[in-house]
Amino acid sequence: MDKKVNVAVVGASGVVGRIVLQILAERRFPVNRIHALASPRSQGERLEFGSRMLRVEVLEDFDFSGIDIAIFSPGKAVSLQHVPRAAAAGTIVIDNTSAFRYDPDIPLVVPEVNPEEITRHGKRGVIANPNCSTIQMVVALKPLHDAAGIERINVATYQSVSGAGKAAIEELAGQSARLLGGRPIECKVMPKQIAFNSIPQIDRFMDNGYTREEMKMVWETRKILSDDSIRINPTAVRVPVFFGHSEAIHVETRRKLSAEQAREILFHAPGIEVVDERRSGGYATAATEAANHDKVYVSRIREDISHSRGLDLWVVTDNIRKGAALNSVQIAELILAGPGFCDRFGR
């Protein structure tokens, strides 16, 4: 019997929520009923779902009874309030915020990396979606970790403004236009000018001098790879790019891998496209390859000349698609394919 499920998309009017709806339609997810949920200010707004239009419903008034899967992409505070309510109604929740990522009894899942963790959702009814910068890094590094073991990661991220939401996208566009027109700018979303600039801060500073965005990469990578011994040193930078995150990753492995071996391993790894030609332009970038696509692109694969077991990579992906929406839909697909799904929902 075909599995048809009732789905709710929370935060549907936001940047990620709209792409969740788009990807569900693109991948022909077997939807029976679908609900687009958001705050009261978006009530009645019409959103595309394939050839259909959905009217936004108010999350606070919504009864999750009968909803099989809910994909949450609101703010953390909204998830903390409404995810437990949805889970208590019997809904399996996939949450895109940081609200539940670090709970030991809630799986943190990247389908290309640790799909087996899906089975652990039963206790709380919640699966957490990792941070966008973590997702692309672990997709690229898991095959290398399996092959040679990773001891240490140094990573600098160059993250697009879409990671900070619609207001940040509008601020970059507005500042760019005003500066090109010789007019003064305002900084309302970013702590400093983002147009034609780079800002070495994403999220708030922690007591250790790292930002919370940087520490997310430490906590989440260790949890996803199930290896607390990996040493991780991140620097997260916001750059004037609309869509697509870039990362310069330097890893030290337990067993030496040549650049050729690493390239061959990554070429056959799921979710990855290797674009690594040693010529001008023979690499992937956020704007030319990653934006609006689903792969994690790996380029500039080379041996680190400063370390005998070091490798350097350049990794880019669309932070809204693979970094959030697609990863959530892939998790939902794994749930559907699981042996316990039909029993749970009587399909």
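As the structure is a prediction and not an experimental result, all values here were calculated from the model.

1. Thoughts on the overall build of the protein chain
Piece 1. Along its length, the protein chain carries nine helices and 14 strands.
Piece 2. On C-alpha atoms alone, the protein chain measures out to a radius of gyration of 20 Å, which is about the 20 Å that the 2.2 N^0.38 rule sets for 347 residues.
Piece 3. When the backbone C-alpha atoms are referred to their principal axes, the protein chain occupies close to 60 × 55 × 40 Å.
Piece 4. Considering the protein chain as a whole, with its 347 residues, one finds that 55% of them fall into the buried category.
Piece 5. Taking the contacts inside the protein chain whose residues are at least 6 apart along the sequence as the reference set, 66% of them involve residues at least 24 apart.

2. Structural notes on the sheet that holds strand β8 (residues 126-128)
Piece 1. Within the open sheet, the six strands sit side by side as β5-β2-β1-β6-β7-β8. Their pairing is parallel. Whereas interior strands pair on both sides, the edge strands pair on one side only; in this sheet they are β5 (57-58) and β8.
Piece 2. Examined bridge by bridge, strand β6 (residues 69-72) and strand β7 (residues 92-95) share four bridges and lie parallel to one another. The residue bridging Ile71 from the neighbouring strand is Ile94, located in β7.

3. Let's talk about the sheet that holds strand β14 (residues 310-317)
Piece 1. The sheet built from six strands is open, its strands ordered β10-β9-β11-β14-β13-β12 with mixed pairing. Each of the sheet's edge strands pairs with one partner strand only, and the pair in question is β10 (231-238) and β12 (272-274). On average, each strand axis in the sheet is tilted by 20° relative to the strand beside it, whichever way the strands run.
Piece 2. Where strand β11 (residues 245-253) and β14 come together, eight bridges link them in antiparallel fashion. By the bridge assignment for β14, Glu252 is matched with Gly310.
Piece 3. The strands touched by helix α5 (residues 212-225) are β9 (150-159), β10 and β11; relative to β10, the strand with the most contacts, the crossing angle is about 140°.

4. What to know about the environment of Gly122
Piece 1. Mapped onto the elements of the fold, Gly122 is located in the loop between β7 and β8.
Piece 2. For Gly122, a relative accessible area of 52% corresponds to the exposed category.

5. Looking at helix α2 (residues 76-88)
Piece 1. Taking 1.5 Å per residue, 13 residues should reach 18 Å; α2 reaches 18 Å between its end C-alpha atoms and fits that length.
Piece 2. Its maximal kink placed at His82, α2 deviates by approximately 35°, while the proline Pro84 follows within four residues.
Piece 3. Considered for burial, the residues of α2 that qualify are Ser79, His82, Val83, Ala86 and Ala87.
Piece 4. Contacts made by the buried residues of α2 are with β6, β7 and β8.
Piece 5. Looking one or two residues past α2, Gly90 carries a phi angle of roughly 95°, positive in sign.

Thresholds applied
Residues numbered from 1 in each chain as written. Predicted model: local features only at pLDDT ≥ 70, side-chain atom pairs only at ≥ 80, totals over all residues. Heavy atoms only, no water. Helix = DSSP H or I, 4+ residues; strand = E, 2+ residues; numbered from the N terminus. Rg over C-alpha atoms; globule rule 2.2 N^0.38 Å. Buried < 20%, exposed > 50% of the residue type's maximum accessible area, 1.4 Å probe, protein only. Contact = heavy atoms within 4.5 Å. Pairing = 2+ DSSP bridges. Axes fitted to C-alpha atoms, helices over the stretch in contact; angles between N-to-C directions. Expected span 1.5 Å × (residues − 1). Bend = angle between axes of the 7 residues up to and from the residue.

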